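Architecture at a glance
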Amino acid sequence: MKENLSFSKFIAVGVMLFALFFGAGNLIFPAQLGQLAGDNFWPAIIGFLITGVGLPFLGVIAIGYSGSSHLQDLASRVHPVYAVIFTSVLYLTIGPFFAAPRTGTVAFEVGITPYANGPLALLLFTAVFFGITLWLSLNPAKIVDRVGKILAPGIVILLLVLIAAALFNPMGAIQPATEGYLGNAFAKGFTEGYNTMDALAALVFAIIVINAVKAMGLKTKEGIMNATFKAGVVAASLLGILYVGIAYIGATSVEQYGLFDTGGPVLSTSAEHFFGAFGTALLAIIITLACLTTAIGLMIANAEYFHSLFPKISYKVFVTIFTTFTFVVSNFGLANIITYSVPVLMLLYPLAISLILMAFTSKLFNHSRLVYVSATVVALAIGIVDGLKTLAGTLDTEFAWLQPIVDFYTAYLPFYADGLGWLIPVVAVMILTGIIARVTGPATNTAEA
């Protein structure tokens, strides 16, 4: 008998997944893109939607399609040691090191700063914010009810009100594109989508979705895959609609208010423009809810994973440790968190996207470990250089030994200047080693299907 979830249940899971994805960065980055892209709005937002919506969707589906019960299982097709290292680094990146602290700091800077500012105010706000995060994260079994049915709809409704106001009464005409979007606006939008970290988070949140649908009674791989796909469509649709709307707000704000340094002031200014003091309060609610739901998901995912690595330490202890650490890091400030996260993202994204591509095509090359290892090595070789190059720019210094490699990549790798130098080499290696795997047939050195 074919397993299916009721309409209301897969909608609830899909909205939960959307809420886990939709954090503060998802509000700020499309708003900034809209401002800077100007009349190149559409190619830029399409590029952004691929990395900000398409890749997260594929990441969720890849875990379900691969039959893996965890990201580490999928990554172990490269090598078991690599799987532990890659998975741990990814969890910590989207967890207590970068993304999770950003949720509290952005919520404060965009939603609370109009009312209170300064280190003490940040300390008090983040203490309350992560205190609530800790309380909700200690009971993960109730996440669908708490997040999917209560918090997420509030985010969607409040944002749609603001977007509708901008559509019916734009703040101004869309202005010419700025320098970064004058050339290949699509590629620029594509790499800007990295900042959401959602393609990385998808490989983590997929497990929450799979566990949620299993708890609703689904047992077969086909039933779980079908429910995961439907939930992913719901989440991706909501993300796509809101991204386009928020970017449009940014694009129409420039004529009257000029360019802002980040997307935060875009939203606070537009809220005040349309709704006055009420609009500012509305935005504070949107930001806080969006950040809170993401923080909860990240704490749950990190605690569950590291508890599986170190079972002698309880889940609740890990939740407490990670939430406390996140609270401390958040008080170092948003600028520092974002600045030092970018080099890590330049390293991790090629590895994550390569793994997603191989998860979908694995049957074509007989699940050969040769393909997994070869593509990962190529992605790693280019990603390390991109990460170090970005770090050098962040530190305002130069790594002299690195420059010849950067020059070589720039000269010979297509799209390297656009931040996509890893793409063609990874695909080429996958095709070449895939052909070898097909010709030689099933080998002893084969990854688990």
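What you are looking at is a predicted structure, and each value in this text was computed from that prediction instead of being measured.

Each value, and the rule that gives it
Residues numbered from 1 in each chain as written. Predicted model: local features only at pLDDT ≥ 70, side-chain atom pairs only at ≥ 80, totals over all residues. Heavy atoms only, no water. Helix = DSSP H or I, 4+ residues; strand = E, 2+ residues; numbered from the N terminus. Rg over C-alpha atoms; globule rule 2.2 N^0.38 Å. Buried < 20%, exposed > 50% of the residue type's maximum accessible area, 1.4 Å probe, protein only. Contact = heavy atoms within 4.5 Å. Areas by Shrake-Rupley, 256 points an atom, 1.4 Å probe, with all protein chains shown as cover. Lys, Arg positive; Asp, Glu negative; His and termini not counted. Charge placed at Lys NZ, Arg CZ, Asp CG, Glu CD. Expected span 1.5 Å × (residues − 1). Polar contact = N/O pair within 3.5 Å; in protein donor to acceptor, adjacent residues only side chain to side chain. 1 Å grid on protein atoms, 1.4 Å probe; cavity = no way out; pocket = protein on both sides within 12 Å on 5 of 7 lines; lining within 4 Å. Points joined across faces, edges and corners; volume = space filled by probe spheres on them. Nonpolar A, V, L, I, M, F, W, Y, C, P; charged D, E, K, R; others polar. Domains from an automatic or database assignment. Buried area = accessible area lost by both parts, 1.4 Å probe. Salt bridge = Lys/Arg side-chain N within 4 Å of Asp/Glu carboxyl O. Core = buried A, V, L, I, M, F, W, Y, C linked by side-chain atoms within 4.5 Å. Phe/Tyr/Trp six-rings, centres within 6.5 Å; stacked < 30°, edge-to-face > 60°. Patch = residues over 30% accessible without salt bridge, like charges linked within 9 Å, V, L, I, M, F, W, Y side chains within 5 Å.

1. Re the overall build of the chain
A tally of helices and strands in the chain yields 17 helices and zero strands. The C-alpha radius of gyration computed for the chain amounts to 22 Å, which stays within 12% of the reference 22 Å derived for 449 residues, consistent with globular compactness. Based on the C-alpha atoms only, the size of the chain along its principal axes is roughly 70 × 55 × 40 Å. For the chain, with 449 residues in total, the buried portion stands at 56%. The long-range fraction of contacts in the chain, counting pairs at least 24 apart against all pairs at least 6 apart in sequence, stands at 82%. A total of about 18,300 Å² of accessible surface is found on the chain, and carbon and sulfur atoms cover 69% of it. The averaged location of the 19 negative side-chain charges in the chain is 21 Å from the averaged location of its 18 positive side-chain charges.

2. Quick notes on helix H1 (residues 7-21)
In an α-helix, one turn spans 3.6 residues; hence positions three or four apart end up facing the same way. In this model, H1 (15 residues) spans 21 Å end to end at C-alpha, consistent with the 21 Å of a helix rising 1.5 Å per residue. Among the 15 residues of H1, eleven are classified as buried, and the element is accordingly described as predominantly covered. Those residues of H1 that fall on the buried side of the exposure criterion are Phe10, Ala12, Val13, Gly14, Val15, Met16, Leu17, Phe18, Ala19, Leu20 and Phe21.

3. Quick word on the environment of Tyr315
Relative to the elements of secondary structure, Tyr315 occurs in helix H13 (residues 315-330). According to the relative accessible area criterion, Tyr315 is buried, its value standing at 14%. Along the primary structure Tyr315 and Ile300 are separated by 15 residues, whereas in three dimensions their C-alpha atoms are 8.7 Å apart. A polar contact is formed between the side chain of Tyr315 and the backbone oxygen of Ser137, at a distance of 2.5 Å.

4. Overview of the layout of surface pockets
Here the largest pocket is characterised by a volume of approximately 560 Å³. Along the wall of the largest pocket there are 27 residues; nearest its centre are Glu109, Thr262, Leu334, Ala335 and Ile338. Within the residue set of the lining of the largest pocket, elements represented by two or more residues are helix H2 (24-37), helix H6 (99-112), helix H7 (119-137), helix H9 (185-192), helix H12 (264-309) and helix H14 (334-361). When residues of the lining of the largest pocket are assigned to their parent elements, the largest contribution, five residues, is made by H14. Considered as a void within the structure, the second largest pocket measures approximately 340 Å³ in volume. Along the wall of the second largest pocket there are 17 residues; nearest its centre are Lys188, Thr191, Met346, Asp418 and Gly419. Put simply, the parts of the chain that give the lining of the second largest pocket at least two residues each are H9, H14 and helix H15 (369-394). Sorting elements by how many residues they give to the lining of the second largest pocket places H9 first, with four residues. Classifying every residue of the lining of the second largest pocket gives seven nonpolar, five polar and five charged.

5. Comments concerning the domain arrangement of the chain
By a widespread convention, an interface's size corresponds to the accessible area lost as its parts come together. Domain assignment breaks the chain into domain 1 (7-331) and domain 2 (342-448). With 33 residues of domain 1 in contact, the opposing surface of domain 2 contributes 25 residues. Contact between domain 1 and domain 2 buries roughly 2,500 Å² in total, counting both sides, with carbon and sulfur atoms accounting for 76%. The three residues of domain 1 that bury the most area against domain 2 are Arg77, Val78 and Tyr194, which together make up 30% of that side's buried surface. Counting across the domain 1 and domain 2 interface gives zero salt bridges.

6. Regarding the nonpolar core
Among the nonpolar cores identified, the biggest contains 151 residues, and Phe18, Phe22, Leu27, Phe86, Ile94 and Phe205 are the most heavily contacted of them. The dominant element in this core, judged by the number of residues it contributes, is H12, at 21 residues. Counting contributing residues per domain, this core is built from domain 1 (7-331) and domain 2 (342-448), each supplying no fewer than three. Beyond its immediate chain neighbours, meaning those up to four positions away, Phe86 contacts Leu71, Ala75, Leu348, Leu351, Ala352 and Leu355.

7. Quick notes on the pattern of salt bridges
Side chains carrying opposite charge are able to pair once their charged atoms draw close together. Under the definition given, this model contains one salt bridge. One salt bridge connects Glu192 with Lys188, and the closest N-O pair in it is separated by 3.5 Å. Of the two residues, Glu192 and Lys188 are both situated in helix H9; the distance of four residues between them amounts to about one turn of the helix.

8. Here's the deal with the environment of Gln32
Here Gln32 lies in helix H2. Spatially, the C-alpha atom of Gln32 lies 16 Å from that of Thr51, the residues being 19 residues apart in sequence. With sequence-adjacent residues up to four places away left out, Gln32 is seen in contact with Asp261, Thr262 and Gly263.

9. Description of the packing of aromatic side chains
The geometry of an aromatic ring pair comes down to the distance between the two centres and the angle between the two planes. Evaluated as defined, the whole model comprises 27 aromatic pairs. On the numbers, 5.2 Å between centres and 25° between planes, the contact of Phe18 with Phe22 is stacked. Just as Phe18 is buried, Phe22 falls in that class too. Pairing Phe186 with Phe190 gives two aromatic rings, centres 6.4 Å apart and planes at 45°, and the pair type is tilted. Of this pair, Phe186 and Phe190 are both found in helix H9, four residues apart, which corresponds to roughly one turn of the helix. For Phe186, a relative accessible area of 32% translates into the label partly exposed. A relative accessible area of 11% means that Phe190 is categorised as buried. Site record: aromatic cluster; members linked through ring pairs are Tyr91, Tyr305, Phe306, Phe318 and Phe322.

10. A short note on a nonpolar patch on the surface
On the surface, Leu357, Val427, Ile431, Ile435 and Val439 cluster together to form a nonpolar patch covering roughly 430 Å² of accessible area. With four residues, helix H17 (residues 423-440) is the single largest residue contributor to the nonpolar patch. By the element assignment, Leu357 lies in helix H14. According to the relative accessible area criterion, Leu357 is partly exposed, its value standing at 31%.

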